[in-house]
Amino acid sequence: MPLILIVEDEVRLAQLERDYFIQANFEVEVIHNGRQAQQWLQENKPDLIVLDLMLPSVDGITLCREVRAKSSVPIIMTTAKVEEIDRLIGLELGADDYLCKPFSLRELVARTKVILRRTQVQTLDRPEQAGLLVSQQNTQVSYNGKNTELTLVELNLLNTLMARSGQILSRDQLIDRIYDDRRVVSDRTIDSHIKKLRKKLNELDPDHDYIYSVYGAGYRFEDK
Ligand code: CA
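Residues numbered from 1 in each chain as written. Predicted model: local features only at pLDDT ≥ 70, side-chain atom pairs only at ≥ 80, totals over all residues. Heavy atoms only, no water.

Colleague: Looking at this structure, how should I read the coordination of the calcium ion?
Modeller: When a metal carries six donors in an octahedron, the ideal angles between them are 90 or 180 degrees, while four donors in a tetrahedron ideally lie at 109.5 degrees. Binding of the calcium ion to the protein goes through Asp-9 (OD), Asp-52 (OD) and Met-54 (O), at separations of 2.0 to 2.3 Å. Counting along the primary sequence, the residues that act as donors to the calcium ion give the motif D-x42-D-x1-M. On the criterion of sequence distance, the pair formed by Asp-9 in the loop between strand 1 (3-7) and helix 1 (11-23) and Met-54 in the loop between strand 3 (48-52) and helix 3 (60-70) is long-range, its members being 45 residues apart. Here Asp-9 falls in the partly exposed class, since its relative accessible area comes to 31%. (Donors = N, O, S within 2.8 Å, 3.2 Å for Na, K, Ca; no water. Helix = DSSP H or I, 4+ residues; strand = E, 2+ residues; numbered from the N terminus. Buried < 20%, exposed > 50% of the residue type's maximum accessible area, 1.4 Å probe, protein only.)

Colleague: Where do I start with the sheet that holds strand 3 in this structure?
Modeller: The pairing of strands in a sheet happens through backbone hydrogen bonds and is either parallel or antiparallel. Ordered in space as 2-1-3-4-5, the five strands form an open sheet in which the pairing is parallel. For this open sheet the edge positions go to strand 2 (27-31) and strand 5 (97-100), each flanked by a neighbour on one side alone. Across the sheet, the axes of successive neighbouring strands diverge by a mean angle of 20°, strand direction being ignored. (Pairing = 2+ DSSP bridges. Axes fitted to C-alpha atoms, helices over the stretch in contact; angles between N-to-C directions.)

Colleague: Explanation requested: the side chain of Arg-68 in the structure shown.
Modeller: Note that Arg-68 resides in helix 3. Setting aside residues no more than four positions away along its own chain, Arg-68 makes contact with Val-73, Pro-74, Ile-75, Leu-93, Gly-94, Asp-96 and Thr-151. (Contact = heavy atoms within 4.5 Å.)

Colleague: What am I meant to see in the packing of helix 6 (residues 152-163) against helix 7 (residues 171-178) here?
Modeller: When two helices pack together, you describe them by how their axes are tilted relative to each other and by the distance separating the axes. For the pair helix 6 and helix 7, interaxial distance at closest approach is 10 Å and the crossing angle is 120°. What the angle tells us is that helix 6 and helix 7 run oblique. When the axes of helix 6 and helix 7 are compared, the crossing they make is right-handed. Across the interface between the two elements, Val-153, Asn-156, Leu-157, Thr-160 and Leu-161 from helix 6 touch Leu-174, Arg-177 and Ile-178 from helix 7. Considered class by class, the residues forming the contact of helix 6 with helix 7 number five nonpolar, two polar and one charged. (Parallel < 35°, antiparallel > 145°, perpendicular 65-115°, else oblique. Left-handed = near helix turned anticlockwise from the far one by under 90°. Nonpolar A, V, L, I, M, F, W, Y, C, P; charged D, E, K, R; others polar.)

Colleague: Where do I start with the pairing of strand 3 in this structure?
Modeller: The side chains of a regular strand alternate, residue by residue, between the two faces of the sheet. In terms of burial, strand 3 is a largely internal element, five of the five residues being buried. Every second residue of strand 3 is oriented toward a common face, with Leu-48, Val-50 and Asp-52 on one face and Ile-49 and Leu-51 on the other, all of them buried. In terms of strand pairing, strand 1 meets strand 3 through four bridges, oriented parallel. Bridging from a neighbouring strand, Leu-5 pairs with Ile-49 of strand 3. Summarising the sheet, strand 3 and strand 4 (residues 75-79) pair through four bridges and their orientation is parallel. The residue of strand 4 that forms the bridge with Leu-51 is Met-77. Running through helix 3, the crossover from strand 3 to the neighbouring parallel element strand 4 is right-handed. (Right-handed = clockwise from strand over helix to strand, strands pointing away.)

Colleague: Teacher, can you tell me more about the sheet that holds strand 10 (residues 168-169) here?
Modeller: Spatial strand order, 10-12-11: three strands in an open sheet with antiparallel pairing. Strand pairing shows two members of the sheet lacking a second neighbour, strand 10 and strand 11 (211-214), which therefore form its edges. Relative to strand 12 (residues 218-221), strand 10 runs antiparallel, the two being bridged by two bridges. By the bridge assignment for strand 12, Ile-168 is matched with Arg-220. Along the sheet, helix 6 makes contact with strand 10, strand 11 and strand 12, crossing strand 12 at roughly 70°. Sheet strands in contact with helix 8 (residues 187-204) are strand 11 and strand 12, and its direction is about 145° off that of strand 11.

Bear in mind that shape data such as this cannot, by itself, settle questions of function.
Set out below in structure tokens:
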């Protein structure tokens, strides 16, 4: 059973979230403050984190950054203010999804399942191209025995571009293929993820640019 970490200081909401996940056959750990979540994460590896923005001791933004610096575990951030979502996206925290309170618990579980399905089952038509080996299991890409960890969004971007190697994909096309719901995704967000992805690929293989940006049009993956 996938393990979900819920970090939420509203005790009643946390309980409701837990009950809903348990009903949907998930294992759940509930933590009510940021510092305890930091400690717990040192020894545990959840399959997904539901992270509240405003938390006592260590807030959700700090926690999200810390987690992202070390792992690509999917994160769904929750916040009480819809205006906060734009700001969070602007901060490029690397969260995989955002929900505004009050949200439906059914929606939370549904989005969790979509994200986990992408992480676990995603397959490529041609898993090996250009010498890059993309692992769908643990969101890693490797080249010549070197590995680098990708976030889920970066993995999805790379898969999408590689599957249409040589073709230009516009930012809109990328957004459509990567997010179910594009309400909170801007072109700038895609550019920022692409920038990070390119940097990671360049560290793996400095001799080749895999992703070209085509001015005014979008991005193109090029085989080596
Ligand atoms: Ca809170």
